[in-house]
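Report on the structure
This is what each chain is made of:
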Amino acid sequence: MNCQECGKRPATLHLTKIVNGEKTENHLCEHCAQEKGHFVQGFGNFSINNLLSGLLNFDPMSKNAAQGAMGNPSTATKPMRCETCGMTYAQFSKSGRFGCSDCYEHFGSKLDPLFRRIHGNTNHVGKVPERTGGQIKIRKELEQLKSTLQQYIATEEFEKAAEMRDRIRALEQKIAQSQ
Amino acid sequence: MSLQRFMQYPWSNWMKGEGPDADIVISTRLRIARNLRQHPFPLLATDSQAEEVVNKVAEVATSDAMQKVGSFEQVKMEQLSPLEKRVLVEKHLISPNLAEESRKGAVLLSEDESVSIMVNEEDHIRIQVFLPGFQLSEAWEAGSRIDDIFEKNLNYAFNENRGYLTSCPTNVGTGIRASVMLHLPALVMTQQINRILQAINQVGLVVRGLYGEGSEAVGNLFQLSNQVTLGMSESDIISNLYSVANQIIQQEREARRYLSEHSRTALEDRICRSYGTLLYARTVESKEAAQRLSDVRLGIDLGIIDNVTSFTLNELLVSTQPGYLQQAAGQKLTAEQRDERRARLIREKLSAK
Ligand SMILES: [Zn+2]
Ligand SMILES: [Zn+2]
């Protein structure tokens, strides 16, 4: 196979990208790959950027929003924008990158379908920062304990349920004290 | 000067060729993405904002608490020549993105190169831990410890619902990307690999080639990593990856056993031909080198070749890359010159005793 860029030299670099089962292939000679900025066996041009903006443009929410905006001049004049960094949702859709951490706040629940498509989820359940998230940590732990409590009740393991209830009380006191 | 050392020696901690399941899992990598609350993400940061982030991170990295983890050397991208950057990319110490695209990008490297902290890549901070063999939990623990130290001193962008906030929506939540580099020659030879790769994509994991984001697996090396970062805890992400990798390891072992039993002669022939070629070749392209080195690696694992170590092979993975070859030569080389140098280097390394 010859290089798809110059068509002259044999293609020695075969770049394959698989995202969500979608495969893209590129066949380049070493020379053209270097020209195109592929360091070793290919980067850069095959960035997740392009794929992501594809995902975002496919967002049914933003399509609806665009149609709504066209039919309704009052919303058309006010694009959704992050007040902190100034990035609009349209810009975000195009670049696939947020401008600052407040974008998450400003774009709000509009991001849910996107997160659901990428991660299958919309809410974080992992590590919570010790210092900035002490309160959050306790509240999350509380949620966890409450759901465990429900499970024990459902399976009639009352001794364990009582133990959970005590731990929940202790945590609730801790929150009350620190407020 | 230690930057010189990072450049000159292809050796990194992850190449040891030791660690659990090192016959199949060459290395484990874990990356944690973090951002500062009060700064725009690197994409929108001004030069002075970006510089401020570099200084803040460097301050923590050289603090007493971090000294207990290791001693770090800061390297700024603007100090490096394109070739030097390329060497760091080939050693996996920095990403192509940091080398090419970043403004005021920097990296903090630990002495044994098992930790690299990138600053102003796509996110403000990217902590990377590299370990030899199959050591996912160990890598997470090491990374998380460094993360804790940073968090004590910096205001992280964190949101109760979305978790750690990242520049790209694909990293939000835990911000972690865990990956293992697998050598799967027998699954490729027995043509089972495509079936396995398809299955992997359906369980929230992704497979890439060895170098970076979008390349085909060269030399039968596959990088398996998690894709989901939101809605799963770090330990679930890691145990999910662990169990899938473990299944692949078992299948690779099975396939190796099958080949040893049913096509022993053909297998030995292939391995020894590759070994012979590398011992005598005068010029070799990178793709052929990768394929032949894969055969030799399999030969070592099966006890067919016994006078080469997997450390040597891991070292060659890096030192036969174009950037490294040119760095070692001290000059720019044409593709033909590189092929020649590559062949010579491999000859020397394989026949050294
Ligand atoms: Zn070409
Ligand atoms: Zn913003």
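Our structure's up above, just so we're on the same page.
A brief look at the structure comes next.

Cut-offs and rules
- Residue numbering note: each chain is counted from 1, following its sequence as written.
- Here chains are named by letter from A upward and ligands by number from 1 upward, in the order in which they appear as written.
- In view of the model being predicted, local features appear only for residues whose pLDDT reaches at least 70, and side-chain atom pairs are presented and counted only at 80 or more, with totals across whole chains, interfaces and linings using the full set of residues.
- Side-chain measures were taken over the full set of non-hydrogen atoms in the model, leaving aside hydrogen atoms and water.
- Runs of H or I in DSSP of at least four residues are treated as helices and runs of E of at least two as strands, each being numbered from the N terminus.
- Residues are treated as being in contact if the distance between any of their heavy atoms lies within 4.5 Å.
- Areas reported here follow the Shrake-Rupley algorithm with a probe of radius 1.4 Å; residue values treat only the protein chains shown as occluding.
- As a reference, a globule follows 2.2 Å times the number of residues to the power 0.38, and the radius of gyration itself is taken over C-alpha atoms.
- Accessibility here uses a 1.4 Å probe with only protein chains present; expressed as a share of the type maximum, an area under 20% marks a residue as buried, one over 50% as exposed, and anything in between as partly exposed.
- Only four residue types enter the charge count: Lys and Arg as positive, Asp and Glu as negative, with His and the chain ends excluded.
- Charge placement uses NZ in Lys and CZ in Arg. For Asp and Glu, CG and CD serve respectively.
- Any carboxyl oxygen of Asp or Glu that lies within 4 Å of a side-chain nitrogen of Lys or Arg is treated as forming a salt bridge with it.
- Put simply, buried Ala, Val, Leu, Ile, Met, Phe, Trp, Tyr and Cys residues joined by side-chain atoms within 4.5 Å make one nonpolar core.
- Shown as donors are all N, O and S atoms within 2.8 Å of a metal ion, widened to 3.2 Å for Na, K and Ca; because water is not in the atom set, sites may appear incomplete.
- Irregular is the label for any site that misses the other tests, which are tetrahedral for four donors with all angles between 85 and 135 degrees, and square planar for four donors or octahedral for six when opposite donors exceed 155 degrees and the remaining angles lie between 65 and 115.
- Any two strands with at least two DSSP-identified bridges between them are counted as paired.
- Under this scheme, a helix contributes an axis fitted over its contacting stretch, all axes are lines through C-alpha atoms, and angles between N-to-C directions fall in the 0 to 180 degree range.
- In protein, a polar contact requires one atom able to donate a hydrogen and another able to accept it; more generally it is a pair of N or O atoms within 3.5 Å, and residues adjacent in sequence count only if both atoms are side-chain atoms.
- Any angle that is under 35 degrees is reported as roughly parallel, and any over 145 degrees as roughly antiparallel; angles of 65 to 115 degrees are reported as roughly perpendicular and all others as oblique.
- Each crossing gets its handedness from the near helix: less than a right angle anticlockwise from the far helix is left-handed, clockwise is right-handed.
- Put simply, Ala, Val, Leu, Ile, Met, Phe, Trp, Tyr, Cys and Pro go in the nonpolar bin, Asp, Glu, Lys and Arg in the charged bin, and everything else, Gly too, in the polar bin.

1. Thoughts on the overall build of chain A
When you go through chain A residue by residue, the secondary structure sums to nine helices and two strands. Moving toward the C terminus, one meets the helices and strands of chain A in the order β-β-α-α-α-α-α-α-α-α-α. Counted over contacts in chain A with a minimum sequence separation of 6, partners at least 24 positions apart contribute 37%. Just so you have it, chain A exposes about 10400 Å², and 50% of that area is on carbon and sulfur atoms.

2. Re the overall build of chain B
Helix and strand content of chain B: 14 helices and 10 strands. Relative to the compact-globule value of 20 Å for 353 residues, chain B shows a C-alpha radius of gyration of 21 Å, a close match. Taken along the three principal axes of its C-alpha coordinates, chain B extends 65 × 45 × 35 Å. Each of the 353 residues in chain B was classed as buried or not, and the buried ones make up 59%. Taking as baseline every contact in chain B between residues at least 6 positions apart, the subset at least 24 positions apart corresponds to 71%. Working note: accessible area of chain B is about 13500 Å², and carbon and sulfur atoms make up 45% of it. Of the charged side chains in chain B, 39 are positive and 45 negative; the average position of the first set lies 3 Å away from that of the second.

3. Quick word on the pattern of salt bridges
The tally for this structure, following the rule as stated, stands at 27 salt bridges over all chains. Between Lys127 of chain A and Asp147 of chain B there is a salt bridge, and its shortest N-O distance comes to 2.8 Å. Pair noted here: Lys127 of chain A is in the loop between α7 (112-119) and α8 (134-154) and Asp147 of chain B is in helix α6 (residues 136-153), and the two residues belong to different chains. Taking the relative accessible area as the measure of exposure, Lys127 of chain A reaches 14% and is therefore buried. Among the salt bridges present, the one from Lys349 of chain B reaches Glu315 of chain B, with a minimum N-O distance of 3.4 Å. In this pair, Lys349 of chain B sits in helix α14 (residues 335-351) while Glu315 of chain B sits in helix α12 (residues 310-319), placing the two residues 34 residues apart along the sequence. Overall, Lys349 of chain B belongs to the partly exposed group, its relative accessible area being 31%. Here the salt bridges share partners, and the residues they tie into one network are Arg97 of chain A together with Glu121, Glu122, Asp123 and Arg126 of chain B.

4. Considerations on the environment of Pro10 of chain B
All names here are of chain B. Among the structural elements, Pro10 can be located in the loop between α1 (2-8) and β1 (25-34). Residue classification places Pro10 among the buried residues on the basis of a relative accessible area of 8%. When sequence neighbours within four positions are dropped, the list of residues in contact with Pro10 reads Met15, Lys91, Glu315, Val318, Ser319 and Tyr324.

5. Remarks on the nonpolar core
Ile117, Phe150, Ile200, Leu224 and Ile248 of chain B are the most contacted members of the largest nonpolar core, which has 76 residues in total. Of the residues forming this core, the biggest block, nine residues, is contributed by helix α9 (residues 234-262) of chain B. In this structure, Ile200 of chain B is in contact with Leu205, Val206, Val207, Leu224, Val244 and Ile248 of chain B, ignoring residues within four places of it in sequence. Membership of the second largest hydrophobic core comes to 18 residues, among which are Tyr89, Tyr104 and Ile118 of chain A together with Leu165 of chain B.

6. Re the coordination of the zinc ion (ligand 2)
Ideal donor angles around a metal are set by the shape: a four-donor tetrahedron calls for 109.5 degrees, a six-donor octahedron for 90 or 180 degrees. Residues and elements named next belong to chain A. Protein coordination at the zinc ion (ligand 2) comes from Cys82 (SG), Cys85 (SG), Cys100 (SG) and Cys103 (SG), with a distance range of 2.3 to 2.4 Å. One can describe the donor arrangement at the zinc ion (ligand 2) as tetrahedral, given that its four donor atoms subtend angles of 99 to 126° at the metal. Between consecutive donor residues of the zinc ion (ligand 2), the sequence gaps follow C-x2-C-x14-C-x2-C. With a relative accessible area of 0%, Cys82 lands in the buried category. Classification of Cys85 as partly exposed rests on a relative accessible area of 24%.

7. Thoughts on α7 of chain A
What sets the pattern is the α-helix's 3.6 residues per turn: residues three or four places apart point alike. All names here are of chain A. Taken across its eight residues, α7 has six buried, putting it largely inside the fold. All buried positions along α7 are accounted for by Asp112, Pro113, Leu114, Phe115, Ile118 and His119. Of the residues flanking the end of α7, it is Gly120, one or two places downstream, whose phi is positive at about 75°.

8. Quick notes on the sheet that holds strand β2 (residues 72-76) of chain B
Residues and elements named next belong to chain B. Here we have eight strands laid out as an open sheet, ordered β2-β3-β4-β5-β1-β8-β10-β9, and antiparallel in their pairing. At either margin of the open sheet sits one strand with a lone partner, and together these are β2 and β9 (205-208). Within the sheet, the average angular offset between the axes of one strand and its neighbour, ignoring direction, is 20°. Across eight bridges, β1 lies against strand β5 (residues 125-132) in antiparallel orientation. Bridge pairing in β5 places Leu30 opposite Val129. Its contacts with the sheet put helix α8 (residues 193-201) on β9 and β10 (221-226), and the angle it makes with β9 is roughly 140°.

9. As for the pairing of β5 of chain B
Residue and element names in this part refer to chain B. The element β5 is largely enclosed, with a buried count of eight among its eight residues. Side chains Ile125, Ile127, Val129 and Leu131 of β5 all project onto a buried face; the interleaved residues Arg126, Gln128, Phe130 and Pro132 project onto the opposite face, where all are buried too. Relative to β5, strand β4 (residues 115-119) runs antiparallel, the two being bridged by five bridges. Within β5, the position partnered with Val119 by the bridge is Ile125.

10. Some words on the side chain of Glu122 of chain B
The topology assignment puts Glu122 of chain B in the loop between β4 and β5. Under the relative-accessibility criterion, Glu122 of chain B is labelled buried at 14%. Looking at Glu122 of chain B, its side chain comes within polar contact range of the side chain of Arg97 of chain A, at 2.9 Å. Within the structure, Glu122 of chain B has its side chain in polar contact with the side chain of Arg126 of chain B (distance 3.4 Å). Look past the residues within four positions of Glu122 of chain B in its chain and what remains in contact with it is Arg97 of chain A together with Pro42, Asn97, Ser167, Cys168 and Asn171 of chain B.

11. Quick notes on the packing of α6 of chain B against α9 of chain B
Residue and element names in this part refer to chain B. Where α6 meets α9, the axes come as close as 10 Å, and the angle between the chain directions of the two elements is 155°. It follows from the interaxial angle that α6 and α9 lie roughly antiparallel. The element α6 and its partner α9 pack so that their crossing is right-handed. Contact residues: Leu136, Ser137 and Trp140 in α6; Glu234, Ile238, Leu241 and Tyr242 in α9. For the contact of α6 with α9, the class distribution of residues is five nonpolar, one polar and one charged.

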